Amino acid sequence: MKIAYLIVRVLLGALFLFSSVVILFNLVQQPETTGDLKVFNDGIKASGYLMTLIKVTELVCAIAFLSGRFVPLASVVIAPIVVNIFFVHIMIAPEGIPVGIFVVVANAFIAYVNRNAYKPLFVPVYK
């Protein structure tokens, strides 16, 4: 289980690291998108801040995954982005479904392995 956890954590961290660095530093010319995906991407870019926020969040979480520090926190912080990646590929860009499935399954596995770190979040507090 430790080896599987390490492999999944490093793969997920590498995926988010490369995808964030490429966009943040404009290292590769982005392919032209068409249809609904173009409208979606144009909307994110039109906000002026959202793509940068997403990619900086991915970069910080990737560093956490790769370093092995704050992994439970990184898993929670990256979860909304993972869900969005999954649904964008399901609804708008079905050719990327394998990537969407991988990030959901990998993040769920990381959360499962670290489930004891989340237990205090589900204890009711009465004041």
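Just so we're clear, the structure is a prediction, and the values are computed from it rather than from any experiment.

**Q** Please explain the nonpolar core as it appears in this structure.
**A** Buried together is how nonpolar side chains tend to be arranged in soluble globular proteins. The biggest cluster of nonpolar side chains holds 18 residues, and the ones touching the most others in it are Leu 12, Phe 16, Phe 65, Ile 78, Val 103 and Ile 110. Considering every element that reaches this core, the biggest residue donor is helix α4 (residues 71-91), with six residues. With near-sequence residues (within four places) excluded, Leu 12 lies in contact with Phe 65, Phe 102, Val 103, Ala 106, Asn 107 and Ile 110.

**Q** Honestly, the UniProt feature "transmembrane region" (unreviewed entry) in the chain in this entry has me stumped. Any pointers?
**A** What UniProt calls "transmembrane region" (unreviewed entry) maps, in this numbering, to residues 7-28, 48-66, 73-91 and 97-114. With 89% helix and 0% strand, residues 48-66 has its two end C-alpha atoms placed 29 Å apart. Structurally, residues 73-91 is divided into 100% helix and 0% strand, and its ends, taken at the C-alpha atoms, are 28 Å apart.

**Q** Honestly, the environment of Met 1 in this entry has me stumped. Any pointers?
**A** Turning to its location among the elements, Met 1 is positioned in the segment before α1 (2-24). For Met 1 and Asn 84, which are 83 residues apart along the polypeptide, the C-alpha to C-alpha distance reads 28 Å. With residues up to four places along the chain from it excluded, the contact list for Met 1 reads Phe 109, Tyr 112 and Val 113.

**Q** Can you help me understand a nonpolar patch on the surface in this one?
**A** A surface patch of nonpolar side chains, amounting to about 520 Å² of accessible area, comprises Ile 3, Ile 7, Leu 11, Leu 15, Val 99 and Phe 102. Residue assignment for the nonpolar patch shows that the elements contributing at least two residues are α1 and α5 (97-113). Considering each element in turn, the nonpolar patch owes the most residues, four residues, to α1. Within the secondary structure, Ile 3 is located in helix α1.

**Q** Can you walk me through the pattern of salt bridges in this structure?
**A** Summed over the entire model, instances satisfying the criterion amount to two salt bridges. Its salt-bridge partner being Lys 38, residue Asp 42 comes within 3.3 Å of it at the nearest N-O pair. Placement of the pair is Asp 42 and Lys 38 together in helix α2 (residues 35-46), with a separation of four residues, close to one helical turn. As a salt-bridge pair, Glu 58 and Lys 55 come within 3.1 Å of each other at their nearest N and O atoms. Taken as a pair, Glu 58 and Lys 55 lie in helix α3 (residues 50-67) at a separation of three residues, close to a single helical turn.

Scoring rules and cut-offs
- Residues numbered from 1 in each chain as written.
- Predicted model: local features only at pLDDT ≥ 70, side-chain atom pairs only at ≥ 80, totals over all residues.
- Heavy atoms only, no water.
- Core = buried A, V, L, I, M, F, W, Y, C linked by side-chain atoms within 4.5 Å.
- Buried < 20%, exposed > 50% of the residue type's maximum accessible area, 1.4 Å probe, protein only.
- Helix = DSSP H or I, 4+ residues; strand = E, 2+ residues; numbered from the N terminus.
- Contact = heavy atoms within 4.5 Å.
- UniProt positions renumbered as here; feature names shortened; annotations may be inferred.
- Patch = residues over 30% accessible without salt bridge, like charges linked within 9 Å, V, L, I, M, F, W, Y side chains within 5 Å.
- Areas by Shrake-Rupley, 256 points an atom, 1.4 Å probe, with all protein chains shown as cover.
- Salt bridge = Lys/Arg side-chain N within 4 Å of Asp/Glu carboxyl O.

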